[in-house]
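Residue-level structure breakdown
What follows is the residue order along each chain.
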Amino acid sequence: MGLRDDEATRFINVGLWADAEAFHDQIGKYFNPAGGLLPFEFKLRLRALISPDCWRMGGWTLPTSDSEGVL
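Residues numbered from 1 in each chain as written. Predicted model: local features only at pLDDT ≥ 70, side-chain atom pairs only at ≥ 80, totals over all residues. Heavy atoms only, no water.

So, the overall build of the protein chain
- Looking only at helices and strands, one finds one helix and zero strands in the protein chain.
- Taking 11 Å as the expected radius of gyration for a compact globule of 71 residues, we find that the protein chain reaches 16 Å, considerably beyond that expectation.
- Taking the principal axes of the C-alpha coordinates as reference, the protein chain spans close to 45 × 30 × 30 Å.
- Looking at the 71 residues of the protein chain, the share that counts as buried comes to 6%.
- In the structure as shown, the protein chain presents an accessible area of about 7300 Å², 56% of it carried by carbon and sulfur atoms. (Helix = DSSP H or I, 4+ residues; strand = E, 2+ residues; numbered from the N terminus. Rg over C-alpha atoms; globule rule 2.2 N^0.38 Å. Buried < 20%, exposed > 50% of the residue type's maximum accessible area, 1.4 Å probe, protein only. Areas by Shrake-Rupley, 256 points an atom, 1.4 Å probe, with all protein chains shown as cover.)

Dropping the structure here:
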């Protein structure tokens, strides 16, 4: 399955949170599959929380600001 076909365009949003609790505190309130489809949805959205098993970056820290030109 691709991200775009004749029926719909799929979007993938990626974010970083300090931990699973922060993820649920900040966006968990938007998870309401019982509410049904929103007007713009082709089918219910899927969400997944994944955690890294290891880091390739070694001891580097994640960026604390956006790259130049990012709104």
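Observations concerning the pattern of salt bridges
- Summed over the entire model, instances satisfying the criterion amount to one salt bridge.
- Here E41 makes a salt bridge to R45, at a shortest N to O gap of 2.3 Å. (Salt bridge = Lys/Arg side-chain N within 4 Å of Asp/Glu carboxyl O.)

Here we look at the layout of surface pockets
- Volume-wise, the largest pocket comes out at about 1400 Å³.
- Lining the largest pocket are 34 residues, with F11, I12, N13, L46 and R47 positioned closest to its centre.
- Here the residues of the lining of the largest pocket are counted per class, giving 23 nonpolar, five polar and six charged.
- Put simply, the second largest pocket is a space of about 180 Å³.
- Taken together, Y30, F31, N32, P33, G35, G36, L38, E41, L44, R45 and R47 make up the lining of the second largest pocket.
- Grouping the constituent residues of the lining of the second largest pocket by class yields five nonpolar, three polar and three charged. (1 Å grid on protein atoms, 1.4 Å probe; cavity = no way out; pocket = protein on both sides within 12 Å on 5 of 7 lines; lining within 4 Å. Points joined across faces, edges and corners; volume = space filled by probe spheres on them. Nonpolar A, V, L, I, M, F, W, Y, C, P; charged D, E, K, R; others polar.)

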